[in-house]
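# Understanding the architecture of this molecule
Here are the chains, one letter per residue:
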Amino acid sequence: MTLWNPLEHPIVLSYPQRVQAGAWVEHVPFAMLAIDLVRPRVLVELGTHWGVSYCAFCQAVQQLGVEASCYAVDTWEGDPHTGVYGPEVLADLRAHHDPRYAGFSRLLRETFDAAAAHFADGSIDLLHIDGYHTYDAVRHDYETWQPKLSARGVVLFHDINVREYDFGVWRFWQELKPQYPHLEFHHGSGLGVVAVGAEPPGGLRSLLEMPPHHLPALRAFFSALGRRISLNIERDATRSQLVALLERQAEFKRLVAGWE
């Protein structure tokens, strides 16, 4: 068996053009690799919010020249886990997304159930499920969209490693993964990758069939790549805070000087 070689997929080293502090950003390197390995004809994301994961997919599609049609589905109103938010979130995403990716990507402001009617059965090669994270909700989303998956269909689940509150993705993942070839990452709140189609993409097969004793190194590799992005975000935030503090100090000194 040929082992997966990261040097053959330099897309994993691409830095995301859209970043936001949070757990998903640490999976951006694998998101970009997934585009390279699956080469999806149709990609759908359920639950986009700020668009970190979705824009990573789109960036990879563009950089790799993949002939893909991409769709992000969200109401952009929030839920009990994300909290309720206003139209500024979608407006901010559109400002980034539309000039770059509108040629092959659409943002669908609908419920997941309503959007499912727009896709033919057997048409989706890559599905990312990241909506409301209770057990019942994630199971419903999977069962609703599973018929839409092609024979090459691959599904990504975020938050498979979160067991607080009423999060139930981990529970559904435990039920689903024994049925199909799969891969899981534990960092960044966890990411599950499962090939549910009868003909898994050849590029992904070397990862899905990787010997168990090689998996710790693979997980450490992607954890380190993801952590690099998180640390850069933290560095930039600290720098911004420091600049703001220095500006306030300078303004205070000017005010004091004016009183003297």
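Now for a description of the structure that goes with this document. Here the structure is a predicted model, which is why all the values come from computation and not from measurement.

Counting its regular elements, the protein contains eight helices and nine strands. Computed over its C-alpha atoms, the radius of gyration of the protein comes to 20 Å, within 12% of the 18 Å expected for a compact globule of 260 residues. Overall size of the protein, expressed as C-alpha extent along the three principal axes, is 80 × 40 × 40 Å. Scored against the burial criterion, the 260 residues of the protein give a buried share of 49%. Looking at the protein as shown, the accessible area adds up to about 12,500 Å², and 55% of this sits on carbon and sulfur atoms. Side-chain charges in the protein split into 22 positive and 31 negative, and the spacing between the mean points of these groups amounts to 5 Å.

On to the pairing of strand β2 (residues 69-74). Across five bridges, strand β1 (residues 42-46) lies against β2 in parallel orientation. The residue of β2 that forms the bridge with V44 is Y71. As defined by bridge partners, β2 adjoins strand β5 (residues 105-109) across five bridges and the pair is classed as parallel. The partner of V73 across the bridge, within β5, is L108.

Among the nonpolar cores identified, the biggest contains 51 residues, and F30, L183 and L207 are the most heavily contacted of them. In this structure, L108, F119, I129 and V138 belong to the second largest nonpolar core, which totals 26 residues.

The sheet built from seven strands is open, its strands ordered β5-β2-β1-β6-β7-β9-β8 with mixed pairing. The sheet terminates laterally at β5 and β8 (182-185), the two strands that pair on one side only. The mean inter-strand angle of the sheet, taken between neighbouring strand axes irrespective of direction, is 15 degrees.

We now examine the packing of aromatic side chains. The final tally for this structure, using the stated rule, is 13 aromatic pairs. Measuring from centroid to centroid gives 5.0 Å for F30 and F185, while their planes differ by 55 degrees, and the two rings are tilted. Placement of the pair is F30 in helix α1 (residues 28-38) and F185 in strand β8, with a sequence separation of 155 residues. With respect to class, F30 is no different from F185; both count as buried. Put simply, the rings of Y135, Y142, F157, F172 and W173 pair up and form one aromatic cluster. Lying over the aromatic face of Y135, R171 brings its terminal NZ or CZ to 3.7 Å of the ring centre.

Attention now goes to the pairing of strand β9 (residues 191-195). The side chains of a regular strand alternate between the sheet's two faces. The element β9 is largely enclosed, with a buried count of five among its five residues. Alternating residues of β9 divide into L191, V193 and A195 and G192 and V194, and every residue in both groups is buried. With five bridges connecting them, strand β7 (residues 149-158) and β9 associate as antiparallel partners. From the neighbouring strand, V154 faces β9, where its bridge partner is A195. Pairing geometry for β8 and β9, over four bridges, is antiparallel. Within the sheet, the bridge partner assigned to H182 lies in β9 and is V194. The antiparallel hairpin formed by β8 and β9 contains five residues in its connecting segment, where G188 sits at a positive phi of about 55 degrees.

Another aspect to go through is the packing of α1 against helix α2 (residues 52-64). For the pair α1 and α2, interaxial distance at closest approach is 8 Å and the crossing angle is 40 degrees. Taken together, the axes of α1 and α2 lie oblique to each other. The handedness of the crossing between α1 and α2 is right-handed. Each of V28, A31, M32, I35 and D36 in α1 lies in contact with α2, whose residues at this interface are V52, A56, F57, Q59, A60, V61 and L64.

Our focus in this paragraph is the pattern of salt bridges. All told, the structure shown has ten salt bridges when counted by the stated rule. Put simply, R227 and E26 hold a salt bridge, and the shortest N to O gap is 3.9 Å. Within this pair, whereas R227 is found in helix α8 (residues 215-259), its partner E26 is found in the segment before α1, the two being separated by 201 residues in sequence. Counted as one network, the salt bridges with shared partners bring together E26, R227 and E234.

Here is what the cut-offs are and how they apply
- Residues numbered from 1 in each chain as written.
- Predicted model: local features only at pLDDT ≥ 70, side-chain atom pairs only at ≥ 80, totals over all residues.
- Heavy atoms only, no water.
- Helix = DSSP H or I, 4+ residues; strand = E, 2+ residues; numbered from the N terminus.
- Rg over C-alpha atoms; globule rule 2.2 N^0.38 Å.
- Buried < 20%, exposed > 50% of the residue type's maximum accessible area, 1.4 Å probe, protein only.
- Areas by Shrake-Rupley, 256 points an atom, 1.4 Å probe, with all protein chains shown as cover.
- Lys, Arg positive; Asp, Glu negative; His and termini not counted.
- Charge placed at Lys NZ, Arg CZ, Asp CG, Glu CD.
- Pairing = 2+ DSSP bridges.
- Core = buried A, V, L, I, M, F, W, Y, C linked by side-chain atoms within 4.5 Å.
- Axes fitted to C-alpha atoms, helices over the stretch in contact; angles between N-to-C directions.
- Phe/Tyr/Trp six-rings, centres within 6.5 Å; stacked < 30°, edge-to-face > 60°.
- Lys NZ or Arg CZ within 6 Å of the ring centre and 35° of its normal.
- Parallel < 35°, antiparallel > 145°, perpendicular 65-115°, else oblique.
- Left-handed = near helix turned anticlockwise from the far one by under 90°.
- Contact = heavy atoms within 4.5 Å.
- Salt bridge = Lys/Arg side-chain N within 4 Å of Asp/Glu carboxyl O.

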